[in-house]
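Reading the structure
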Amino acid sequence: MLVFSLFFYTWGEKELVLLILLSALVDYSSGLMISSGKRKLGLYSSIIFNISILLYFKYANFISINLIQLLETLNLSSENALNFSNIALPLGISFYTFQTMSYTIDVYRGHVKASKNFIDFATYVTLFPQLIAGPIVRYAIIEKELKSRIVTTPLFYQGIERFIIGLSKKMIIANNCAFFADAVFNLHPSESSSLIAWLGVIAYSFQIYFDFSGYSDMAIGLGKMFGFNFPENFNFPYISKSIREFWKRWHITLSTWFRDYLYISLGGNRHGNWRTYANLTIVFLITGLWHGASWTFVFWGLFHGFFLIVERVLKHQNFKAFSPIISHIYVVIVLAISWVFFRSETISDAFHYVTTMFNFSLESNTAFLNFYLTKEVIFVLFAALVLSTPIYKKIILYITNTNRSIGIDRLFLPLKLVGLFVLLLICFSYMATDSYNPFIYFRF
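Residues numbered from 1 in each chain as written. Predicted model: local features only at pLDDT ≥ 70, side-chain atom pairs only at ≥ 80, totals over all residues. Heavy atoms only, no water.

1. Focus on the packing of helix α7 (residues 153-185) against helix α8 (residues 194-225)
- Axis separation between α7 and α8 bottoms out at 6 Å; the angle between their running directions is 160°. Classified by the angle their axes make, α7 and α8 are roughly antiparallel. Here α7 and α8 pass one another in a crossing that is left-handed.
- Class assignment of the residues belonging to the contact of α7 with α8 gives a composition of 27 nonpolar, 8 polar and 6 charged. (Axes fitted to C-alpha atoms, helices over the stretch in contact; angles between N-to-C directions. Helix = DSSP H or I, 4+ residues; strand = E, 2+ residues; numbered from the N terminus. Parallel < 35°, antiparallel > 145°, perpendicular 65-115°, else oblique. Left-handed = near helix turned anticlockwise from the far one by under 90°. Nonpolar A, V, L, I, M, F, W, Y, C, P; charged D, E, K, R; others polar.)

2. Remarks on unusual backbone geometry
- You will see that Lys14, though not glycine, has its phi angle at about 55°, which is positive.
- Among the structural elements, Lys14 can be located in the loop between α1 (2-13) and α2 (17-35).
- You can call Lys14 exposed: its relative accessible area is 53%.
- Backbone geometry places Phe236, a non-glycine residue, at a positive phi of 50°.
- Mapped onto the elements of the fold, Phe236 is located in the loop between α8 and α9 (243-249).
- A residue is classified by how much of its surface remains accessible, and Phe236, at 10% relative accessible area, is buried. (Buried < 20%, exposed > 50% of the residue type's maximum accessible area, 1.4 Å probe, protein only.)

3. Focus: a nonpolar patch on the surface
- A cluster of nonpolar side chains, namely Ile325, Ile329, Ile333, Phe358 and Phe360, defines an oily patch on the protein surface of about 520 Å² accessible area.
- Among the structural elements, Ile329 can be located in helix α13 (residues 324-343). (Patch = residues over 30% accessible without salt bridge, like charges linked within 9 Å, V, L, I, M, F, W, Y side chains within 5 Å. Areas by Shrake-Rupley, 256 points an atom, 1.4 Å probe, with all protein chains shown as cover. Salt bridge = Lys/Arg side-chain N within 4 Å of Asp/Glu carboxyl O.)

4. A short note on the pattern of salt bridges
- Applying the stated criterion across every chain yields a total of 9 salt bridges.
- With a shortest N-O distance of 2.8 Å, Arg138 and Asp260 are connected by a salt bridge. Placement of the pair is Arg138 in the loop between α5 (118-126) and α6 (139-147) and Asp260 in helix α10 (residues 252-266), with a sequence separation of 122 residues.
- The residue Lys170 makes a salt bridge to Asp211 at a minimum N-O spacing of 3.2 Å. Residue Lys170 is found in helix α7, and its partner Asp211 is found in helix α8; the two are separated by 41 residues along the sequence.

5. Looking at the environment of Ile93
- Take Ile93: it is sitting in helix α4 (residues 93-109).
- It is 7.2 Å that separates the C-alpha atoms of Ile93 and Leu54, two residues lying 39 residues apart in sequence.

6. So, the packing of aromatic side chains
- Applying the stated rule across the entire model yields 55 aromatic pairs.
- Summarising the aromatic geometry, the rings of Phe128 and Phe226 are spaced 5.7 Å apart at their centres and angled 80° between planes, so their arrangement reads as edge-to-face. One end of the pair, Phe128, is in the loop between α5 and α6; the other, Phe226, is in the loop between α8 and α9, and 98 residues separate them in sequence.
- Ring geometry for Trp198 versus Phe358: centroids 5.7 Å apart, planes at 80°, classification edge-to-face. In this pair, Trp198 sits in helix α8 while Phe358 sits in the loop between α14 (347-357) and α15 (366-372), placing the two residues 160 residues apart along the sequence. (Phe/Tyr/Trp six-rings, centres within 6.5 Å; stacked < 30°, edge-to-face > 60°.)

7. A closer look at the nonpolar core
- Core analysis: the largest hydrophobic core is formed by 117 residues, its most contacted members being Phe98, Tyr238, Trp250 and Trp339.
- Looking at this core, the element that brings in the most residues is α8, giving 16 residues. (Core = buried A, V, L, I, M, F, W, Y, C linked by side-chain atoms within 4.5 Å.)

These results come straight from atomic positions and should not be treated as a statement about function.
And the structure:
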């Protein structure tokens, strides 16, 4: 598994595989230091190393650009400012640094014992199913499975099924939503309208969800094929009735990571309301930066943090709960605006887009809609709406129970296999015509 994972990573990143091996070695050594009594030295070594490589590889260019702009604004010379624009961003660096930091912190807190087998630990760090796009797997979850796994036919079948579903989310739904969303976001504001802007952000909302959850499903499915049980990462986040609930359903392994290792470490909600609000602001500032080195991501994170604080204030003042419909509409609007900042290249572009969303006097560009809003896109948007809710699970359960009641439940498995096979053929047809490269899509 270790050799195969390293081969997989080297195929996409070449010499940068040395960085992930160095990260594994540092955190493995830090865990041993903690267990041998040098607790703070081991903990600080791990945290400083991981944050340092994140700052250099992911944020150095962002920091240098803003420093140069600041110096020019102050009419100071920026000739000696360092230029980091040529730094390559290692694949999955945000995932494996957070994963290994969670290991050393858990060893420090006594939640897990330090690994004494470097091959086991390096396999945990480089495990190819979830290496490039999550979920963020804690060492305690797969500690036993690294040493002893049971691979069964039913589990392998479940893994194949989950992988095909995840691949279908990505290739069939997310990519078709991206076709329309990219066209809308690249459209000049003067050629757009409120209707087009809303359709664009709805398409992007589905794109980002089915991208993220699709990759997570593929990782979980591959894990099951090899006997690993990775944690669930998404739980129908778009049915949420508050932003707080949304973060309990969206990218669960990331939100729980920030809760357990940052928010609680800062004091959580144990030191009064104002300290809680400050902690939430810090957490979501870093959440935004984790997703990307750009002011748009910073704004996106702070925007979510702001509404989490607002929800806490309303709760503390004992406001009566709104009706579920109003609460859901509120969440949809907040998420739609936040996704605009997540998708836009600059803050200015995002504000122009949001302005267009709420400028209902603009006429719709019918030529644009006729060209881009194809029957395929409409079908995919409808499918995305249905599949982003638990409705389809209820439909499957109903079909299964009906088959059992009339005695033809044995036909359900063959039909299910045929359906999965058809989905896989469709995905391959998309991959044959699309410049799909799994190694460059997500560089978090």
